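The residues making up each chain are set out below.
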Amino acid sequence: ALKGSREIGFTILSITFSLVAVFIPVLFMGGIVGRLFREFAVTISMTILVSGFVSLTLTPMLCSRLLKPLRHRGAAPYGRLYRATEAGFEAMLRLYDRVLGAVLRRRGIVLAGTALSIAAAVYLAATIPKGFLPSQDIGQIWVSTQGRQDISFDAMVAAQRKAAAVIQADPAVEHVNATVSADSFTNALSRGFMWIALKPRGGGGGRDPAATVAERLRRKLGGMPDLDVMMSPLDGIQIGAPAGNRFPYVVQAGDLGTLQRLGARLEARLKSLPMLRDVDLDLRAKSPHASVEIDRDRAAALRVTADAVRDALYSAYGPRQIATIYTSSNDYPVLIEAEPERQRDVGELSHLHVRSANGRPVRLDAVSKVVYDAGFLTVPHVGQMPAATIWFSLAPGASLGDALAAIRRAEHEVGVPPNVLTGFKGAAQLFQESLRNQMLLAGAALFAIYTVLGILYESFIHPITILSGLPAATLGALLTLMLTGTELSVIATLGIVTLMGIVKKNAIMMIDVAIARRRAGSGAEAAIREACLLRFRPIMMTTAAAIAGAVPLAIGAGPGSELRRPLGLAVLGGLAASQFLTLFITPALYVAMERTAAAWRLRRAYRKRASARESRGPRGRGMLQRMLAEGRRSAVHRS
């Protein structure tokens, strides 16, 4: 046990500290990514440190007490399962030995394949569909309804109840909560909301996924004449106001007319995009307006002032408090207003009377006229500028990254002037920030691993050799995500970062033994070949255990499994691809790097001698040339 601990101790330290280094950038990341995964990074880091301590202390002690000595040939044979597994492993080891020898003889082909894998990984990372957070099926659907802007409250309630009845009749719906009220954006009573609770999912006769139910209900409610229905499933992680999977796209301009025209053109263009659903503009000049225009000449003749007209309108529609009734226990305000039935009819304006300066009542239509037009119910603002918000949701199978790119292309097609500001808010804005943070996270993790390995091995070359398996692992993870139709989300990126720490343990196991053999005098090729064969069993065992741990995440079901699945798929695909590639890429790269380093050291040594012999004349230069030639031959022979 002591001998095994001494042999593997530095390897365990290298794997432990370099794996912890992967999660150091996550601890210091800001934004939504840092807030979501800081606890994850702390938990994993502490688990790795404790595991490394146990591996160096408790595990050797248990080995010395519990492991039985190997049986010799004269003893009773092992069981059938042991003999079968050992025979299979020995066959794999012999096959690996033959293939490894062929690979080391053709290192150029392997190094070219490594370069191709790096290029393929970069290409897939740029072209794979990208998303923010995976959608979770929590059994709830958020619905927004929009009636005509001139619809009455009673008509809106009736239309809302009709839509709720259609939704309640669906077999997947448990219950519906419907409201008609002014929202925080428009203060319009022509807008309603519904929250749909779905029945639990289960085997056999369970309901369909929430996205499928939403599409079915959208088709059923598409023919309602007085109501536009927008719906999307709710996620377990809500960012901003509850709006399901709907995203805001904001257009700002100083001129309200320009904003209205441009917003309408952008809305029409976005509705034609197949990857978008439920496109809705909140700035519409369709609300009926009635303006009272005073005839100044007639009003002056009848001695009616504009203030008197304003007071009469406020008294009828205000309402106005004209007195207070005081009692022994309470006081009651006295309000004056027109009857509610008369307030709903614009034609009742002609029946209002205005008091003139001499106290005589004058009909309002005698001194004014009512002008009807359409205008804005409200004008939203973002900051100090008028803004129009276009809400949209994604079609089934569409990614948020492709949708945002299509909207940016639509801006150029519509011709947005430079004095108009456009941008995304809410989850869409955080998604754009997360894309930048994902690249920063991967780069910072790679730099942290290289720095820690460089300190441990006191070398600039060995960390590069150890990290040689990362391109193959990244390529495998991205291919797995694409084959399974999974977006490159924040969760998947976290899985790739975790993969960086897991994959390099294969190379660390090889490099540690190869360095020890090199110090004993072996050549580079012989040292790395012996290291690969010696560490083939632990490499296969640890990778198989890691793959087995990722399988439940990749195929898991139940509530919240959608959030965890991308991480499991990324780790599973990356390990499966890198397991076979790193067994050949790392040895080939090690030999190439060692020969390059040896040639560089010889070249530097002979240059130092050249400076000393240069002053001795032509004889010294001839001797220097002969020494350089002999040095090259000896370097090739030694490696």
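Residues numbered from 1 in each chain as written. Predicted model: local features only at pLDDT ≥ 70, side-chain atom pairs only at ≥ 80, totals over all residues. Heavy atoms only, no water.

Asker: I would appreciate a short explanation of the environment of Arg303 in the present structure.
Answerer: For Arg303, the position within the fold is in the loop between helix H9 (296-301) and helix H10 (306-317). Expressed as a C-alpha distance, the spacing of Arg303 and Arg360, which sit 57 residues apart in the sequence, is 9.5 Å. The residues touching Arg303, leaving out its near neighbours within four places in the chain, are Ser356, Ala357 and Asn358. (Helix = DSSP H or I, 4+ residues; strand = E, 2+ residues; numbered from the N terminus. Contact = heavy atoms within 4.5 Å.)

Asker: For this particular structure, what's the right way to read the sheet that holds strand S4 (residues 227-233)?
Answerer: Two pairing modes exist for strands in a sheet, parallel and antiparallel, and in both the strands are linked by backbone hydrogen bonds. Taking strand neighbours across the sheet as the criterion, the four strands line up as S2-S3-S1-S4 in an open arrangement whose pairing is antiparallel. Both outer strands of the open sheet, strand S2 (173-180) and S4, are each paired with one neighbouring strand and no more. Across the sheet, the mean angle separating the axes of adjacent strands is 20° when strand polarity is ignored. Note that strand S1 (residues 140-147) and S4 share seven bridges and pair antiparallel. Its bridge partner lying in S4, Gln146 is registered against Asp228. Most of the contacts of helix H6 (residues 153-168) go to S2, to which it runs at about 170°, and overall it touches S1, S2, strand S3 (191-198) and S4. (Pairing = 2+ DSSP bridges. Axes fitted to C-alpha atoms, helices over the stretch in contact; angles between N-to-C directions.)

Asker: I keep staring at the pairing of strand S9 (residues 331-336) and nothing clicks. Help me out?
Answerer: Regular strands have side chains that alternate between both faces of the sheet. Summarising the sheet, strand S8 (residues 320-326) and S9 pair through six bridges and their orientation is antiparallel. Bridging from a neighbouring strand, Ala323 pairs with Val334 of S9. Between the antiparallel neighbours S8 and S9 lie four residues.

Asker: Sorry if this is basic, but what is going on with the side chain of Ser578 here?
Answerer: For Ser578, the position within the fold is in helix H20 (residues 561-613). On the accessibility criterion, Ser578 (2% relative accessible area) is buried. Within the local environment of Ser578, its side chain forms a polar contact with the backbone oxygen of Gly574, the two atoms lying 2.8 Å apart. When sequence neighbours within four positions are dropped, the list of residues in contact with Ser578 reads Gly469, Ala472, Ala473 and Val503. (Buried < 20%, exposed > 50% of the residue type's maximum accessible area, 1.4 Å probe, protein only. Polar contact = N/O pair within 3.5 Å; in protein donor to acceptor, adjacent residues only side chain to side chain.)

Asker: I keep staring at the side chain of Gln160 and nothing clicks. Help me out?
Answerer: Checked against the element boundaries, Gln160 lands in helix H6. Among all residues touching Gln160, those that are not within four sequence positions of it are Thr145, Ala178, Thr179, Val180, Gly192, Phe193, Met194 and Leu227.

Asker: How do you make sense of helix H13 (residues 400-414) when you look at a structure like this?
Answerer: Working note: α-helix, 3.6 residues per turn, so residues spaced by three or four point in the same direction. Helix length check: H13 (15 residues) gives 21 Å between terminal C-alpha atoms against 21 Å at 1.5 Å per residue, within 8%. Taken together, the buried positions of H13 are Leu400, Gly401, Ala403, Leu404, Ala406, Ile407, Ala410, Glu411 and Val414. Those residues of H13 hidden inside the fold are in contact with strand S5 (246-252), helix H8 (256-271), strand S6 (276-281), strand S14 (385-394), strand S15 (421-424) and helix H14 (426-457). Trailing H13 by a residue or two, Gly415 shows a phi angle of about 85°, which is positive. (Expected span 1.5 Å × (residues − 1).)

Asker: Is there a simple way to explain the nonpolar core in this structure?
Answerer: Among soluble globular proteins, nonpolar side chains are generally buried collectively. Membership of the largest hydrophobic core comes to 99 residues, with the highest contact counts inside it found for Phe132, Tyr249, Leu270, Leu276, Phe392 and Ile528. Top contributing element to this core by residue count: helix H17 (residues 490-519), with 17 residues. Counting 24 residues, the second-largest nonpolar core is a separate cluster that includes Ala159, Val180, Met194 and Met224. (Core = buried A, V, L, I, M, F, W, Y, C linked by side-chain atoms within 4.5 Å.)

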